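The residues making up each chain are set out below.
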Amino acid sequence: MSTQNISVLGSVKAAWTFVRSNIEQLLLAALPYTAFTVGIAILVQVNSEDVLGATGAVIGLMFSIGAVVSGLAFYAAVLRLSVNKSNDGWLGLKFGAEERRILFVTLLIFGLAILTASLIAMFIGPLYLSVADAAMQSAGLDPEALEVDAVQALNYLKPADWAVMIGAALIGLALMIWLLARLLIAFPATIAEDKIRVLSVWGLSTGQTARLAIALALALGPLLVVEVAVYETLAAVFDTRFLYVAFNVGPEQVVDPRSSTFQEMVRLVSLFAFINVPIVFGLYADHYRALNSPGTGH
């Protein structure tokens, strides 16, 4: 295990070098997953008013299964390349023991992330209600006597209230980034060592979490900004939001714009997985090598 700090810029450079050096193999490996993801995006748009009925549900299920299977195969193919293992199979894709391990690691990390997010929400939710109630009372209103939803309550928040809410949200976001920054190294470790590694890699990143998080932000952040900019430009040129589908909530099926926008961004990131995934895994493969060596190696 390395006793020195990892190089933030060195690992970011290594991630991009990995992608440039293997771009053809990476794009080929991403083809099936990208095709299923595009198919799901089109189906969601076409079936937004349930025009296909049961047929649409069956097609959607088939596309979802295809996306999961091809996604796991893509992940494993990228990871094999990133840790310098042989990458045979059709387009470098196969579905065997390594892919099953990646599935298990993904489920474990997802479960830990959901648990952490739930704990954060248990803190932020009551805090938000408390701040909103206090803001309404200061405006001379009785929150219990009025039927005010969460969106309407925002109108009564003062700058100090917003500061509290934004501060709490940033703390929650920082905790999620801290968790993922430490756990993502489980992916290259699992492929490199031919066994499932999740919590057992926790000690590798001791004292390195801030650098891991900064490296992840530097490697992926600008890329996400470019992807959103490209999407927004195309949406403006063609005057349509290709990936937006209204998300309805409540018995009256009222559109929730925040959930709709969130799902739109998730679809966007999924469509760009052919570049996002190799950057992240290339970055963490470099972290794994550095943290398992006597020095940083950069």
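The residue numbering used here restarts from 1 in each chain and proceeds along that chain's sequence as written. Thresholds applied to this predicted model are a pLDDT of at least 70 for local features of residues and 80 or more for the giving and counting of side-chain atom pairs; totals over whole chains, interfaces and linings are not thresholded and use all residues. Hydrogen atoms and water are omitted, and side-chain values are computed over all heavy atoms in the structure.

### Digging into the overall build of the protein
Here's step 1: Runs of H or I in DSSP of at least four residues are treated as helices and runs of E of at least two as strands, each being numbered from the N terminus. Scanning the protein for helices and strands turns up 10 helices and 2 strands.
Here's step 2: Scanning the protein from its N terminus toward the C terminus, one meets helices and strands in the order α-α-α-α-α-α-α-α-β-β-α-α.
Here's step 3: Buried residues in the protein amount to 40% of all 298 residues.
Here's step 4: Any pair of residues with heavy atoms lying within 4.5 Å of one another is described as a contacting pair. Of all intrachain contacts in the protein linking residues separated by at least 6 positions in sequence, the fraction that spans at least 24 positions is 73%.
Here's step 5: The Shrake-Rupley method, run with a 1.4 Å probe sphere, supplies the accessible areas, and residue values consider only the shown protein chains as cover. By element, 69% of the accessible surface of the protein is carried by carbon and sulfur atoms, the whole surface being about 16100 Å². Accessible area is worked out with a 1.4 Å probe on protein chains only. A residue is then buried under 20% of its type maximum, exposed over 50%, and partly exposed in between.

### Quick look at the environment of M62
Here's step 1: Within the secondary structure layout, M62 lies in helix α3 (residues 53-82).
Here's step 2: Since its relative accessible area comes to 55%, M62 is described here as exposed.
Here's step 3: Expressed as a C-alpha distance, the spacing of M62 and F36, which sit 26 residues apart in the sequence, is 9.3 Å.

### Comments concerning the packing of helix α6 (residues 159-183) against helix α8 (residues 209-238)
Here's step 1: Angles here are taken between N-to-C directions and fall from 0 to 180 degrees, while the axes themselves are lines fitted to C-alpha atoms, restricted in helices to the stretch in contact. The interhelical angle for the contact between α6 and α8, taken along N-to-C directions, is 95°, at an axis separation of 9 Å. Taken together, the axes of α6 and α8 lie roughly perpendicular to each other. Contacts between α6 and α8 involve I177, W178, A181 and R182 from the first element and T209, L212 and A213 from the second. Oblique is the label for any angle not under 35 degrees, not over 145, and not in the 65 to 115 range, which are roughly parallel, roughly antiparallel and roughly perpendicular in turn.

### Looking at the packing of aromatic side chains
Here's step 1: Stacked, edge-to-face and tilted are the three classes for Phe, Tyr and Trp ring pairs, Trp counted by its six-membered ring, which pair at centre distances within 6.5 Å; planes under 30 degrees apart are stacked, over 60 edge-to-face, the rest tilted. The tally for this structure, following the rule as stated, stands at 8 aromatic pairs.
Here's step 2: Summarising the aromatic geometry, the rings of Y33 and F74 are spaced 6.5 Å apart at their centres and angled 15° between planes, so their arrangement reads as stacked. Of the two residues, Y33 is situated in helix α2 (residues 23-46) and F74 in helix α3; the sequence distance between them amounts to 41 residues. Across the pair, exposure class does not vary: Y33 and F74 are buried alike.

### Focus on unusual backbone geometry
Here's step 1: Here the phi dihedral of D194 falls at roughly 55°; this positive angle occurs in a residue that is not glycine.
Here's step 2: Here D194 shows up in the loop between α7 (186-193) and α8.

### Some thoughts on a nonpolar patch on the surface
Here's step 1: There is a patch of nonpolar side chains on the surface, built from V226, V230, L234, V237, F238 and F242 and spanning about 550 Å² of accessible area.
Here's step 2: Its relative accessible area of 34% is what places F242 among the partly exposed residues. Nonpolar side chains (Val, Leu, Ile, Met, Phe, Trp, Tyr) are joined into patches within 5 Å and like charges within 9 Å, using only residues with over 30% relative accessible area and no salt bridge. When a carboxyl oxygen of Asp or Glu lies within 4 Å of a side-chain nitrogen of Lys or Arg, that pair is called a salt bridge.

### Describing the nonpolar core
Here's step 1: By convention a nonpolar core is built from buried Ala, Val, Leu, Ile, Met, Phe, Trp, Tyr and Cys residues, the set being connected through side-chain atoms within 4.5 Å. Counting residues in each nonpolar core, the largest one holds 55 residues, and the members touching the most others are F187, L283 and Y284.
Here's step 2: For this core, the secondary structure elements donating two or more residues are α1 (8-21), α2, α3, α4 (97-138), α6, α7, α8 and α10 (273-291).
Here's step 3: If one sorts the elements of this core by residue count, α10 sits on top with 12 residues.
Here's step 4: In terms of nonpolar packing, the next biggest core, distinct from the first, is built from 10 residues, Y128, L157, A168 and M176 among them.

### A look at α3
Here's step 1: Taking 1.5 Å of rise per residue, the 30 residues of α3 would be expected to cover 44 Å, and the 43 Å separating its terminal C-alpha atoms lies within 8% of that figure.
Here's step 2: Phi turns positive one or two residues past the end of α3, at N84, with a value near 65°. One less than the residue count of a helix, multiplied by 1.5 Å, gives the span that helix is expected to have.

### Some details on the pattern of salt bridges
Side chains carrying opposite charge are able to pair once their charged atoms draw close together.
Here's step 1: Applying the stated criterion to the full structure yields 5 salt bridges.
Here's step 2: R80 is the partner of E98 in a salt bridge, and the nearest nitrogen-oxygen pair spans 2.8 Å. With E98 in helix α4 and R80 in helix α3, this pair connects stretches of sequence that are 18 residues apart. No difference in accessibility class separates E98 from R80, as the two residues are buried.
Here's step 3: Sharing partners across several salt bridges, the network here consists of R80, E98 and E99.

The values are spatial; any link to function lies outside them.
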